[in-house]
Amino acid sequence: MTTLFEKIFKRKYKALPGMDSVFFATADCAGCGECEQRCPTGHIKIVDGRPVWPKPCFLCAACGDVCPVNAISYGPPKLIEEYWARVKKERADGEKE
Ligand code: SF4
Ligand code: SF4
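Residues numbered from 1 in each chain as written. Chains lettered and ligands numbered in written order. Predicted model: local features only at pLDDT ≥ 70, side-chain atom pairs only at ≥ 80, totals over all residues.

Remarks on the overall build of the chain
Thought 1: Helix and strand counts for the chain stand at four helices and four strands.
Thought 2: Sequence-ordered secondary structure for the chain, helices as α and strands as β, is α-β-α-β-β-α-β-α.
Thought 3: Out of the 97 residues in the chain, the part that is buried amounts to 18%.
Thought 4: Within the chain, counting contacts between residues at least 6 apart in sequence, those at least 24 apart form 69% of the total. (Helix = DSSP H or I, 4+ residues; strand = E, 2+ residues; numbered from the N terminus. Buried ≥ 20, exposed ≤ 12 C-beta atoms within 10 Å, placed from the backbone. Contact = placed C-beta atoms within 7 Å.)

Quick look at the structure:
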């Protein structure tokens, strides 16, 4: 079920296809579950003591901020750049309307 917060969040940050696969936990991950609890849209699940990102992510970066051992990393920088370029353009287009 989609929560109200998720609906609001989705309006502001639209998922880029493939964004769900950019995050991963490094070997430093202790499996504490803080990232799962902090994710505002429930897009992180702890499976066998490790976080996985089974749904599209909205790049709020809260999971990376909360990790006590900085174990969360992400994949291709190009994908991240494309995402923020799109968000910036959508915001600029919205301001024109
Ligand atoms: S917060 Fe960090 S250490 Fe804890 S489960 Fe998530 S990635 Fe692993
Ligand atoms: S960046 Fe992390 S905390 Fe934010 S929506 Fe994506 S998985 Fe959740």
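The rest of the description comes next.
Some words on unusual backbone geometry
Thought 1: The backbone of Asp-48 shows a phi angle near 55°, a positive value even though the residue is not glycine.
Thought 2: Its location among the elements puts Asp-48 in the loop between β2 (45-47) and β3 (50-52).
Thought 3: With a phi angle near 50°, Asn-70 is a residue other than glycine that sits in the positive phi range.
Thought 4: Within the secondary structure layout, Asn-70 lies in the loop between α3 (62-66) and β4 (72-74).

A short note on the site of ligand 2
Thought 1: Around ligand 2 there are 13 residues in total, and Cys-39, Cys-57, Cys-60, Ala-62 and Cys-63 lie nearest to it.
Thought 2: When its residues are assigned to classes, the shell around ligand 2 shows ten nonpolar, two polar and one charged. (Near = placed C-beta within 6 Å. Nonpolar A, V, L, I, M, F, W, Y, C, P; charged D, E, K, R; others polar.)

Section: the environment of Arg-50
Thought 1: The residue Arg-50 is located in strand β3 in this model.
Thought 2: Sequence spacing of Arg-50 and Cys-32 is 18 residues, and the spatial spacing of their C-alpha atoms is 8.6 Å.
Thought 3: Setting aside chain neighbours within four positions, we find Arg-50 in contact with Ala-25, Cys-29 and Gly-31.

Describing the nonpolar core
Thought 1: Among the nonpolar cores identified, the biggest contains 13 residues, and Cys-35, Ile-44, Cys-57, Cys-63, Cys-67 and Ile-72 are the most heavily contacted of them.
Thought 2: Apart from residues no more than four positions distant in its own chain, Cys-67 is found in contact with Glu-34, Cys-35 and Ile-72. (Core = buried A, V, L, I, M, F, W, Y, C linked by C-beta atoms within 7 Å.)

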